[in-house]
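Examination of the molecular architecture
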Amino acid sequence: MIPWYEPHFWGEEKKYVLDALESTWISDGEYIKKFESTMEKILGAKHVITTSNGTASLMLAYLALGLGPGDEIIVPGFTFAAPANMILAIGATPVFADVDAETWLLCPTSVEEKITAKTKAIVPVHIYGNVCDMDKLRHIAEKYNLYIIEDVAEAAFSTYRGQQAGTLGDIGSFSFQATKTITMGEGGAICTNNPSLQEIARLIRNHGMRPSKRYWHEVVGHNFRLTNLQAALGYAQLENVDKIIENKKRVYERYKKNLSGQQGIFLQVMTDGCEPVVWAIAVKIDSTVVSLTRDDLIIALKEAGIETRPGFYPLSELPIYHAEPLVNATDVARNVLSLPSYTMISDADIDHVCEVFLNIAKRNQVHNHAL
Ligand SMILES: *Cc1c(COP(=O)(O)O)cnc(C)c1O
């Protein structure tokens with residue numbers, strides 16, 4: 001079976017985790033500082049604040065910006081649900097905008113249509129490694145005085161016009177879960193260039209407690225802290241970031257070479273100005289050419305020993321959100337699947353996946369279509 005994902009360790013992970021363990025500093029510790037300062041350098045961001053996971057990062061970002069009940073926050077209708085869930089968790093209202101038909105990311109025109117007097121923020125989610133049209137989104141944010149919180153969980157180290165994703169708005173939110181580009185099992189971080197945002201975020205992350213006055217709780221805080229054990233693992237990964245990025249690019253280029261221009265499938269179109277570090281290679285089935293549904297295709301691939309994942313459900317279909325369907329979000333959600341994309345998948349395995357995939361598509365062409 002070719003798995004959909006598989007974390008890769010470069011060698012120092014074990015050493016650093018053992019070092020953290022033997023130091024007895026297993027909650028706070030030096031690896032957290034090392035990880036944060038290394039990330040700051042890589043991102044070109046003034047402040048990186050680690051958290052327990054990418055979902056906590058999103059909640060921390062919202063809370064640091066003072067968002068809450070009565071506020072509307074715009075999120076895409078096609079995304080992993082965490083950014084929308086955390087809007088509900090802070091008592092604010094998620095408002096769903098449609099995605100672009102080609103990039104599958106938050107559509108600026110749709111965003112502008114959804115703005116009301118209550119709108120406070122926009123959450124561009126950089127799905128699969130592609131980066132949203134940040135020029136247009138920033139223009140809208142300035143025009144209506146809105147915050148931008150980038151969800152970079154799937155786009156760590158992708159750049160946009162030469163700048164790192166996550167540093168293009170007020171706060172960027174990262175995840176370091178097992179399948180993400182940098183992993184520590186579970187973990188996350190936010191980044192910001194704003195010193196007062198970093199100060200309030202550090203307070204909220206640690207019980208709202210003043211660092212200089214123990215047990216003095218200044219704001220309502222959470223415990224969103226990362227452990228030193230996880231940071232040790234993540235730090236070893238960061239030391240190999242160049243090799244990780246190089247391999248992510250190799251995997252993407254190989255899939256692109258094999259699959260682009262093939263009838264019946266569309267690759268995600270990268271936003272103009274985006275240099276992606278693709279987290280998951282996603283393809284969209286052209287249902288006018290391929291008769292098999294996406295879900296049946298996933299089953300056929302599984303029978304051939306290839307594990308894939310469907311696109312996310314459109315959030316309008318999840319009853320918790322009470323949202324109206326959006327045309328592109330629904331279409332993308334129904335027809336997208338992601339292929340095995342882990343950092344160290346071999347070229348031979350990629351070629352095999354593509355060959356099997358294209359053969360299944362060919363055997364299931366819509367009548368009158370020559371593939
Ligand atoms: C993975 C992911 C998250 C959540 O991160 P966790 O670390 O699993 O909590 C949030 N947003 C997106 C887009 C993700 O892919």
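Residues numbered from 1 in each chain as written. Predicted model: local features only at pLDDT ≥ 70, side-chain atom pairs only at ≥ 80, totals over all residues. Heavy atoms only, no water.

We now examine the pairing of strand S4 (residues 119–122). Along any regular strand the residues' side chains alternate between the sheet's two faces. Examined bridge by bridge, strand S2 (residues 72–76) and S4 share 3 bridges and lie parallel to one another. Across the sheet, Ile74 pairs through a bridge with Ile122, a residue of S4. Direction of pairing for S4 relative to strand S5 (residues 147–151): parallel, over a ladder of 2 bridges. By the bridge assignment for S5, Ala121 is matched with Tyr147. (Pairing = 2+ DSSP bridges. Helix = DSSP H or I, 4+ residues; strand = E, 2+ residues; numbered from the N terminus.)

Using the criterion set out here, one finds 19 salt bridges in the structure. Where Asp135 meets Arg138, a salt bridge forms, and the shortest distance between an N and an O atom there is 3.9 Å. Residue Asp135 and its partner Arg138 are both found in helix H6 (residues 134–144); the two are separated by 3 residues, about one turn of the helix. Exposure remark for Arg138: the relative accessible area of 26% places this residue in the partly exposed category. One salt bridge in this structure joins Asp135 and Arg161, with 2.8 Å as the shortest N-O distance. (Salt bridge = Lys/Arg side-chain N within 4 Å of Asp/Glu carboxyl O. Buried < 20%, exposed > 50% of the residue type's maximum accessible area, 1.4 Å probe, protein only.)

Further remarks concern the sheet that holds strand S3 (residues 93–97). Taken in spatial order, the 7 strands make up an open sheet running S1-S9-S8-S5-S4-S2-S3, and their pairing is mixed. A single partner strand is all that each edge strand has here, and the edge strands are strand S1 (47–51) and S3. The sheet shows a mean angle of 25° between the axes of neighbouring strands, taken without regard to direction. Where S2 and S3 come together, 5 bridges link them in parallel fashion. Bridging from a neighbouring strand, Pro76 pairs with Ala97 of S3. (Axes fitted to C-alpha atoms, helices over the stretch in contact; angles between N-to-C directions.)

Here the focus is the packing of helix H3 (residues 54–64) against helix H4 (residues 82–89). Running from amino to carboxyl end, H3 crosses H4 at an angle of 50°, the nearest separation of the two axes being 9 Å. Between H3 and H4, the angle is such that the two are oblique. H3 and H4 meet at a crossing whose hand is right-handed. Contacts between H3 and H4 involve Thr55, Leu58, Met59 and Tyr62 from the former and Ala82, Pro83, Met86, Ile87 and Ala89 from the latter. Here the residues of the contact of H3 with H4 are counted per class, giving 8 nonpolar, 1 polar and no charged. (Parallel < 35°, antiparallel > 145°, perpendicular 65-115°, else oblique. Left-handed = near helix turned anticlockwise from the far one by under 90°. Contact = heavy atoms within 4.5 Å. Nonpolar A, V, L, I, M, F, W, Y, C, P; charged D, E, K, R; others polar.)

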